[in-house]
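Examining the three-dimensional arrangement
Chain by chain, the residues run as shown.
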Amino acid sequence: MGVNGYGTIGKRVADAVHAQPDMELIGVAKTQPNFEAHTAGERGYPMYAAIPERSPLFSEAGVELAGEVDELVAEADIIVDCTPSGIGAENRELYETHHTPAIFQGGEDADVADVSFNARANFDAARDADYVRVVSCNTTGLSRIIAPLEEEYGVEKVRATLVRRGGDPGQNSRGPINDILPNPIKIPSHHGPDVKTIFPDLEIDTLGLKVPATLMHVHALNVTLEDDVTGAHVRQLLEGENRVYVIPEGMGIDGAGKLMDFALDAGRPRGDMWENCVWGESIGVNGRDLYLFQAIHQQSDVIPENVDAIRAMFDLEDQKTSMELTDRTLGIGI
Ligand code: NAD
């Protein structure tokens, strides 16, 4: 397996695949020899130049190249494309030329691939597919909650307000720095249709805002279920999901900042929090209406999904075995 685009998502995918007993990472492709290229070298990942004309920059910076991206794509059984939104679609031709299957990320339009994927919700849809898109961090976070609710009670309608971080910690050109933006202003937002790439029959409306934070996204969810439920029952259901952490009362975790501290204290790589973090106290029910708050670590929640997508595409394991193996090897589940 090779990674094309070694940034926020790519470096995490590379580490996650490297940790799997049934996969081999054969290299990563980068456009420039920045700090991530140096740390990739320290991890022993062969480096390929994503843009051939830039190859000399790597040797000037003391980063040894194993070749050019074309060679990586030719040699790999699968490429996980983690390039910025829109570049993945441009790269598809490269993968097709070499008959190399590929996984794209959520910044691409759904039509970049045959299937949009979330391991919990539609693992089997990616079986034997050549091109798969792992949905965005927000869609992954919503799918992990909707799937068990749909199975247990049936879902009539989802309404979600997504309070989104302005940018990742390293994205110093993003914002807002001091504002609260309805974003996108148009209601409903594009997030609902993206969730429908996983649940085609779902009724869902979403609204988005952007705030001056880099830590996580926070979702306010209202789900109208088909049956009357109790909050205790929903809580028990979500506590049974390994990729959902129901934050217990008494932990003193009142926001995304403390969640990130918790992940660092727990010794997680890069302080990652792969699980949806649902505040237990927020789970409230009024008849068939369920309410909750959850936080989503945008930089890491999609990482286990990429690993499972590889197993689904190559028919290596069933859904349960794959998800358990991914979770065990990465240390997911609190
Ligand atoms: P990023 O900018 O951190 O990393 C992208 C990397 O690709 C950079 O290292 C960049 O130099 C490199 N690159 C640019 N052009 C390239 C090319 N032609 N060939 C190879 N590499 C190239 O971006 P990211 O945040 O990792 O996002 C990657 C994808 O993952 C996007 O589709 C994004 O929407 C999606 N995604 C991002 C997040 C997030 O919060 N960061 C969460 C979920 C999904």
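This write-up is about the structure you can find in this document.

Calculation notes
Residues numbered from 1 in each chain as written. Predicted model: local features only at pLDDT ≥ 70, side-chain atom pairs only at ≥ 80, totals over all residues. Heavy atoms only, no water. Salt bridge = Lys/Arg side-chain N within 4 Å of Asp/Glu carboxyl O. Helix = DSSP H or I, 4+ residues; strand = E, 2+ residues; numbered from the N terminus. Buried < 20%, exposed > 50% of the residue type's maximum accessible area, 1.4 Å probe, protein only. Near = heavy atom within 4 Å. Polar contact = N/O pair within 3.5 Å; in protein donor to acceptor, adjacent residues only side chain to side chain. Areas by Shrake-Rupley, 256 points an atom, 1.4 Å probe, with all protein chains shown as cover. Nonpolar A, V, L, I, M, F, W, Y, C, P; charged D, E, K, R; others polar. Domains from an automatic or database assignment.

What follows deals with the pattern of salt bridges. Evaluation of the coordinates by the stated rule reveals 26 salt bridges. Linking Glu151 and Arg120 is a salt bridge whose minimum nitrogen-to-oxygen distance equals 2.9 Å. Here Glu151 is found in helix 7 (residues 137–152), whereas its partner Arg120 is found in helix 6 (residues 119–122), with 31 residues between them in sequence. Looking at Glu151, the relative accessible area reads 57%, which means it is exposed. Since its relative accessible area comes to 17%, Arg120 is described here as buried. With a shortest N-O distance of 2.9 Å, Lys258 and Asp254 are connected by a salt bridge. A residue is classified by how much of its surface remains accessible, and Lys258, at 40% relative accessible area, is partly exposed. Overall, Asp254 belongs to the exposed group, its relative accessible area being 61%. Members of the salt-bridge network, linked through shared partners, are Asp22, Arg144, Arg243, Glu305, Asp308, Arg311 and Asp327.

Not every one of the 21 residues close to the ligand is listed here, only the nearest: Thr8, Ile9, Thr31, Arg165 and Asp168. Between the ligand and Ile9, the relevant distance is 2.8 Å, taken from an oxygen atom to a main-chain nitrogen or oxygen of the residue. The contact in question runs from an oxygen atom of the ligand to an N or O atom on the side chain of Arg165, over 3.0 Å. For the ligand, the protein covers 82% of the area, taking 830 Å² as the surface of the free molecule. Of the residues in the shell around the ligand, the class split is seven nonpolar, 11 polar and three charged. Structurally, the shell around the ligand is a two-domain feature, drawing no fewer than three residues from each of domain 1 (2–135 + 302–330) and domain 2 (137–296).

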